[in-house]
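# Observations on the model geometry
Residues per chain, in single letters:
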Amino acid sequence: MVKQPSVSARAAKLVDEIVADADALRISVSKGSLGERLIDMGANVVGGLEAGRRLGEVCMGGLGTVAFTQSSGLKNWPLGVVVSSNNPVIACLASQYAGWTISDEASGFFALGSGPARALSRVEDLYKELGYVDHHPQATLVIEGDKAPPSAVIAKLSTGCGIDPTGLTIMYATTWSLAGTVQIAARVLEVAIHKAHALHFPLENILDGTGTTPIAPPIPDFVKAMGRTNDAIIYGGRIHLFVKGPDTDAKRLAENLPSSTCGAYGKPFAEIFADVNGDFYKIDPMLFSPAQVIVSNVETGNSFRAGELAPEIVDASFR
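Definitions and cut-offs
Residues numbered from 1 in each chain as written. Predicted model: local features only at pLDDT ≥ 70, side-chain atom pairs only at ≥ 80, totals over all residues. Heavy atoms only, no water. Pairing = 2+ DSSP bridges. Helix = DSSP H or I, 4+ residues; strand = E, 2+ residues; numbered from the N terminus. Axes fitted to C-alpha atoms, helices over the stretch in contact; angles between N-to-C directions. Phe/Tyr/Trp six-rings, centres within 6.5 Å; stacked < 30°, edge-to-face > 60°. Buried < 20%, exposed > 50% of the residue type's maximum accessible area, 1.4 Å probe, protein only. Arc of directions from axis to C-beta. Contact = heavy atoms within 4.5 Å. Parallel < 35°, antiparallel > 145°, perpendicular 65-115°, else oblique. Left-handed = near helix turned anticlockwise from the far one by under 90°. Nonpolar A, V, L, I, M, F, W, Y, C, P; charged D, E, K, R; others polar.

## Description of the sheet that holds strand β1 (residues 28-31)
With respect to topology, six strands assemble into an open sheet ordered β1-β2-β8-β7-β6-β5, the strand pairing being mixed. Strands at the two margins of the open sheet, each flanked by one partner only, are β1 and β5 (100-104). Adjacent strand axes in the sheet meet at a mean angle of 30 degrees when their direction is disregarded. In terms of strand pairing, β5 meets strand β6 (residues 109-114) through five bridges, oriented antiparallel. Note on β6: the bridge partner recorded for Trp-100 is Gly-113.

In structure tokens:
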């Protein structure tokens, strides 16, 4: 039996490299009151595209690569990212997915945590399905926000991960920062794997995957920035999954994966968000998926395609 890789151990190496390059990346590294390491990737610092690229790889627990491309698939917005993983279920669901709800009533702090620390805490039921367990003395948690958690939250996080606070690293960037917009674009493969799980496709039959999506231009407005980063994937994202199993399953997955299968599809995300009066949880979660899909069955050699890019909606969102 092949030993499962440790997303926390692999990410820790990437984080140390980022810290060593802090000045060049225009990021800030500091220590919190409990000895935790805080890395501002794009909240109160300039950061940049490269900071976001490397943050995306940390989110995937070192089991994926994020690269820039000038061939996003959209004529007016050629700059994009190419995300690949030969262990996409662990990289995307066990690490990258923002599934850890972090809240503290006393301070009013709230955030969704992503990254390899989730696999140490295993507070989500998802890990029972994945059958994935990680052990490591260092944990890295990524937060999409403008500040690090207060000490009370740090204590809860480190306890949840079963580590000392000095072994905890918090990395954070706002949605509207350069690093933030890149690390969100780097989730193009993750949303596809997450939707495949929601569609009850056997996760053990997903062998490999890659995705491409344009990088949304940052804008200093949370709702508009959230809209642009979502539109980049929903209307401009492309993924290619390599699977095994019956062709009927592969074909059904391809047909149901594209964002266009959702009834909410067709308008910029900011408008969809306004239609539900700003209640994110009223939006059909099946909308969050790439626009165009290819599913290739390695056991039969057959490939199945579905969906189309919607450059006109991306144009309306990005301009």
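## A closer look at the packing of aromatic side chains
Geometrically, a pair of aromatic rings is defined through the distance of the ring centres and the angle of the planes. Inspection of the entire model under this criterion finds eight aromatic pairs. On the basis of an interplanar angle of 80 degrees and a centroid distance of 6.4 Å, the ring pair of Trp-176 and Phe-222 is categorised as edge-to-face. Here Phe-222 lies in helix α10 (residues 222-234) and Trp-176 lies in the loop between β8 (168-173) and α8 (178-185), a separation of 46 residues in the sequence. The exposure class assigned to Phe-222 is partly exposed, which follows from its relative accessible area of 43%. Summarising the aromatic geometry, the rings of Phe-280 and Phe-288 are spaced 5.4 Å apart at their centres and angled 25 degrees between planes, so their arrangement reads as stacked.

## Section: helix α11 (residues 247-256)
Buried within α11 are the following residues: Ala-250, Leu-253 and Ala-254. End-on view of α11: buried residues confined to an arc of 95 degrees, all on one side of the axis. Tucked into the core, α11 has its buried residues touching α9 (188-198), β10 (238-243), β11 (292-297) and β12 (303-307).

## Here's the deal with the sheet that holds β12
A sheet is described by the order of its strands in space; here six strands give the open sequence β3-β4-β9-β10-β11-β12, paired in mixed fashion. Both outer strands of the open sheet, β3 (65-69) and β12, are each paired with one neighbouring strand and no more. With strand direction ignored, the average angle separating the axes of adjacent strands in the sheet is 15 degrees. The pairing of strand β4 (residues 80-85) with strand β9 (residues 206-214) spans six bridges and is classified as antiparallel. The residue bridging Ser-85 from the neighbouring strand is Gly-209, located in β9. Sitting on the sheet, helix α4 (residues 88-96) touches β4 and β9, and the angle it makes with β9 is about 65 degrees.

## Observations concerning the packing of helix α1 (residues 7-20) against helix α3 (residues 49-59)
A pair of packed helices is characterised by two quantities: the angle between their axes and the separation of those axes. Axis separation between α1 and α3 bottoms out at 9 Å; the angle between their running directions is 160 degrees. One way to sum up the angle between α1 and α3 is to call them roughly antiparallel. In the crossing of α1 with α3, the sense of the turn from one axis to the other is left-handed. Facing Ala-11, Leu-14, Val-15, Glu-17 and Ile-18 of α1, the residues of α3 in contact are Arg-54, Glu-57 and Val-58. Among the residues making up the contact of α1 with α3, the classes are represented as five nonpolar, no polar and three charged.

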